[in-house]
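Here is what each chain is made of, one letter per residue.
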Amino acid sequence: MDQRMSASSSARSLLLTVFGDLVLPSGGRAWLATLAAAMGELGVAPATTRQALRRLVSQGLVAAERHGRLASYHLTAQGRRRLEEAAERIYLRRPLAWDGRWRMLTYTFPEDERATRAALRKELGWLGYGSLSGGVWVCPWDLGTRLDAVLAKHDVQGGVQTFTAALEGDDRSLAARAYDLGELRAAHRAFLEADEGVTPRPESDREAFVRRIDLVHRWRKFLFLDPGLPDELLPADWLGDRAAATFLARYGALEGAAWRHWDRLAAEADPEGRAPARVTSNLDVPAPRSGNDDLAHAGSDAEVADRGDAPATTAPTDRAATTEEDRSVRAPTANARHGAGSEDDPKRTEAFLERLHAGHKVEPSDWMPDTYRQLNIRFIEMHANSEIMGALPEREWIARAPSLRRKRSLAAKVQDEVGHAHLIYRVAESLGRPRPAMYEDLIAGRGKFHNVFHYPTYTWGDVACIGFLVDGAAIVTQRALLDTSYAPYVRVMRRVVAEESLHYRHGEDIMLALASGSDEQFEMLQEAVNRWWEPVMHFFGTDVAAEDDPMIDWGVKTRTNEQSRQEWISQYVPKLWDMGIEPPDPTLAYDPETRTWRYSEPDWDRLRAIIKGEPTDATKSRLYWRQLLHRHHAWIHQIVTGDEVPAAA
């Protein structure tokens, strides 16, 4: 084993590298014997490996399972999220197109909260923020829900302010002040020099395995050093691109042989002698930056060709924000290629469920039971319909918004919602449901969508409630979907959740303006909250136990309705109180013994009537205008596509 690794690495840190580089792409689960054997190849004793596993379990990153006398470990939802986020930076999957704006963050803490401040500073650095002064941090990237999660983790939302601004000056100088680029340059040089003189091709699969883990483990340290700045903020002689290209080339030269050794270790530990199938490839996205010549010369053609099942080329590409979503939903649905008919195969279904419960993500080309397919189609189609119908109540207020700024922001939000709908429709398409059929069902009144979009908007206060209460409820449920089992849905939801967080801030801004405005504005807002309270409580659905919910058993949902409702109340009711707004429920109170909120039961019959298809006047009106526009603009669709567009029934 490479002595650098054994001398400088803790067993826990090294084990995390193994989980991220090998276990995560293999479905997120490994036998204890496999992990012990792999760590043994790296010079770590079995007892030390078991101790490191116990630490990861105590931190909530992995969980243990017993299988008779055998044991396995699988990544928890928290562990999977952490490693997937790290993988975006380790394997250079993150888009690097900068919009020219800085995200600024400021905080103030009392002296007795120094520990919280220190922990927050550490995590801000990991996210990619640089420090301008003690309490002022900047970052070129919009980190969306990742920043929200860090602030919520440390319970510091109220002590932190965030802004987006463009600098009137030299952006490179600001970056040089905020980040220690000199130290980072030295680290890149050390990385480039570390393997000089090493034979490119390993002599055995075992050597390739050890060298690959060593390489990833050393490169992984840049997670804590390199914020991944865009080209516009870096010096002309920057070594980071060259280091990144060198990492990819060296990794690619080792990948195929290293996987063969891992598969042998996994098969030897498996009771049936089988290695787990790989779910993803670490090198799905090739180039660290577009237009960088270093990548083309980082490795020889032989090194690139020896990547096993990795992509055969590493030509630079422009990784726009929608690339991953587009690729994920274009994959064909193919039960047929796996020899499956329309009916579920009991044995294959049982094996499929075992993989789901172990954290396996399902791709469109995987075999899947028809029950799983239909549950996902129903859930995802309803989500897409809701994005379309959710845009309509706010669209009605664009012309009536009180200022040009409000009109522009509302128009942008409506545009986002329609874009979300089409991305999500494409996910449903990847499961075999044609998009025209979904849209025709929606405008004909046959399609389902969330209950909150069946209600009218009478005042500007309704727009505030939709942006704050409804979008807040959507964020709570959609964040849970980041760990749903259908992989294309996960990839699309990463983008949707990030943009929904911006929509929520837009709604919060309107709420604050009305709450601090005139008496008439405050009363208008309170009246709107009174009307929207019950629909939002309905939004999460009735209380169904996890063991009774097939959506949870099949991995479509990851949380119960009541868990989501409780989280929403915990996050948003205190904010309403801070604004001086009272929820229209006198029984609403937090119970410290059960750590849950007590509330009055809403009128569930009203929700059931909507679910059964009893339309409101607002729904009838909105669908009527959708049908009218659909017929009126059918000729445009025919000209562009050449297809006939049937009139909605």
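Residues numbered from 1 in each chain as written. Predicted model: local features only at pLDDT ≥ 70, side-chain atom pairs only at ≥ 80, totals over all residues. Heavy atoms only, no water.

Asks: How should I be thinking about the overall build of the chain in this particular structure?
Replies: In terms of helices and strands, the chain carries 26 helices and 9 strands. Within the span of the chain, comprising 649 residues, buried residues form 51% of the whole. When contacts within the chain are restricted to residue pairs at least 6 apart in sequence, those whose partners lie at least 24 apart make up 79%. Carbon and sulfur atoms make up 52% of the accessible area of the chain, which totals about 30100 Å². (Helix = DSSP H or I, 4+ residues; strand = E, 2+ residues; numbered from the N terminus. Buried < 20%, exposed > 50% of the residue type's maximum accessible area, 1.4 Å probe, protein only. Contact = heavy atoms within 4.5 Å. Areas by Shrake-Rupley, 256 points an atom, 1.4 Å probe, with all protein chains shown as cover.)

Asks: Would you mind going over helix α18 (residues 435–443) with me for this structure?
Replies: Because an α-helix completes one turn every 3.6 residues, residues spaced three or four positions apart along the sequence face the same direction. Along α18, the residues that are buried comprise Met438, Asp441, Leu442 and Ile443. Positioned one or two residues after α18, glycine 445 has a phi angle of 90 degrees, which is positive.

Asks: Is there a simple way to think about the pairing of strand β6 (residues 136–139) in this case?
Replies: Successive side chains on a regular strand alternate, one facing one side of the sheet and the next facing the other. Here strand β4 (residues 102–107) runs beside β6; their pairing, made up of 4 bridges, is antiparallel. Bridge pairing in β6 links threonine 106 to valine 136. Both strand β5 (residues 130–133) and β6 contribute to a ladder of 3 bridges, which runs antiparallel. Across the sheet, the residue bridging to serine 131 is tryptophan 137, located in β6. (Pairing = 2+ DSSP bridges.)

Asks: Is there a simple way to explain helix α10 (residues 205–220) in this structure?
Replies: Counted at 1.5 Å a residue, the expected span for α10 with its 16 residues is 22 Å, and the 22 Å between its end C-alpha atoms agrees. The element α10 is largely enclosed, with a buried count of 13 among its 16 residues. (Expected span 1.5 Å × (residues − 1).)

Asks: Would you mind going over the environment of leucine 120 with me for this structure?
Replies: Structurally, leucine 120 is set in helix α6 (residues 114–127). A residue is classified by how much of its surface remains accessible, and leucine 120, at 0% relative accessible area, is buried. As for leucine 120 and leucine 151, which are separated by 31 residues in sequence, their C-alpha atoms are 7.9 Å apart. Here leucine 120 is in contact with Tyr107, Phe109, Val150, Leu151, His154, Val156 and Val160, once residues within four sequence places are set aside.

Asks: Looking at this structure, I do not really get the packing of aromatic side chains. What am I missing?
Replies: Where two aromatic rings form a pair, the distance of their centres and the angle of their planes describe that pair. Per the counting criterion, the structure on display carries 20 aromatic pairs. Ring geometry for phenylalanine 539 against phenylalanine 540: centres 5.4 Å apart, planes inclined by 80 degrees, an arrangement best described as edge-to-face. Assessed through its relative accessible area of 9%, phenylalanine 539 is described here as buried. Clustering of aromatic rings is evident, with ring pairs tying together Phe468, Tyr504, Trp533, Phe539, Phe540, Trp568 and Tyr572. Note that arginine 250 overlies the ring of phenylalanine 191, its terminal NZ or CZ placed 6.0 Å from the centroid. When the ring centre of tryptophan 397 is taken as reference, the NZ or CZ atom of arginine 400 above it lies at 3.9 Å. (Phe/Tyr/Trp six-rings, centres within 6.5 Å; stacked < 30°, edge-to-face > 60°. Lys NZ or Arg CZ within 6 Å of the ring centre and 35° of its normal.)

Asks: Just checking my understanding: could you explain the sheet that holds strand β2 (residues 62–67) for this structure?
Replies: Where strands meet in a sheet, backbone hydrogen bonds hold them as pairs that are either parallel or antiparallel. Strand order in the open sheet made by the 3 strands is β1-β3-β2, with antiparallel pairing throughout. Among the strands making up the open sheet, the edge pair consists of β1 (29–31) and β2. Taking the axes of each pair of neighbouring strands and ignoring which way they run, one obtains an average angle of 25 degrees across the sheet. (Axes fitted to C-alpha atoms, helices over the stretch in contact; angles between N-to-C directions.)

Asks: I'm lost on the environment of glutamine 478 in this one. Help?
Replies: Mapped onto the secondary structure, glutamine 478 falls in helix α19 (residues 460–480). Residues glutamine 478 and histidine 383, 95 residues apart in the sequence, show an inter-C-alpha distance of 9.9 Å. With near-sequence residues (within four places) excluded, glutamine 478 lies in contact with His383, Glu387, Met493, Val496, Val497 and Glu500. Within the structure, glutamine 478 has its side chain in polar contact with the side chain of histidine 383 (distance 3.3 Å). (Polar contact = N/O pair within 3.5 Å; in protein donor to acceptor, adjacent residues only side chain to side chain.)

Asks: Explain the pairing of β2 to me, please; I cannot follow it from the model alone.
Replies: Examined bridge by bridge, β2 and strand β3 (residues 70–75) share 6 bridges and lie antiparallel to one another. Across the sheet, the residue bridging to alanine 63 is histidine 74, located in β3. Joining the antiparallel neighbours β2 and β3 is a turn of 2 residues, in which glycine 68 adopts a positive phi near 65 degrees.

Asks: Could you clarify how one ought to interpret unusual backbone geometry in this entry?
Replies: Most peptide bonds adopt trans geometry, and most residues besides glycine take a negative phi value. At arginine 595, a residue that is not glycine, the phi angle is positive and equals roughly 55 degrees. Relative to the helices and strands, arginine 595 is located in the loop between β8 (589–591) and β9 (596–598). On the basis of relative accessibility, which here comes to 67%, the residue arginine 595 falls in the exposed class.

Asks: Help me understand the confidence of the model for the chain, please; the structure alone is not making it clear to me.
Replies: Predicted coordinates in areas of low pLDDT are best not read in detail. Residues with a pLDDT of 70 or more make up 83% of the chain, whose mean pLDDT is 81. Low pLDDT, under 50, characterises residues 285–343; the stretch is placed with 129 contacts to residues that sit more than four places away or in other chains. (pLDDT = per-residue confidence, 0-100.)

Asks: Explain the sheet that holds β5 here, please?
Replies: Across the sheet, 4 strands lie side by side as β5-β6-β4-β7; this open sheet has antiparallel pairing. The sheet terminates laterally at β5 and β7 (160–165), the two strands that pair on one side only. Neighbour to neighbour, the strand axes of the sheet diverge by 25 degrees on average, direction disregarded. Relative to β7, β4 runs antiparallel, the two being bridged by 6 bridges. Note on β7: the bridge partner recorded for arginine 103 is threonine 164. Strands β4, β6 and β7 of the sheet are contacted by α6, whose axis makes an angle of about 170 degrees with β4.

Asks: How do you make sense of the pattern of salt bridges when you look at a structure like this?
Replies: Once the charged atoms of two side chains with opposite charge are near each other, the side chains can pair. A full pass over the atoms with the stated rule returns 27 salt bridges. In this structure, the salt-bridge partner of aspartate 441 is arginine 433, at a minimum N-O distance of 2.8 Å. The exposure class assigned to aspartate 441 is buried, which follows from its relative accessible area of 18%. For glutamate 527, the salt bridge goes to arginine 531, with nearest N and O atoms at 2.6 Å. One end of the pair is glutamate 527 and the other is arginine 531, both in helix α21 (residues 519–539) and 4 residues apart, which spans about a single turn. With relative accessibility at 35%, the residue glutamate 527 sits in the partly exposed group. Several salt bridges share partner residues, and in doing so they unite Glu381, Arg433, Asp441 and Arg446 into one network. (Salt bridge = Lys/Arg side-chain N within 4 Å of Asp/Glu carboxyl O.)

Asks: Looking at this structure, how should I read the side chain of glutamate 508?
Replies: Mapped onto the elements of the fold, glutamate 508 is located in helix α20 (residues 487–515). Nearest to the buried, unbridged glutamate 508 among oppositely charged side chains is lysine 575, at 4.4 Å. (Lys, Arg positive; Asp, Glu negative; His and termini not counted.)

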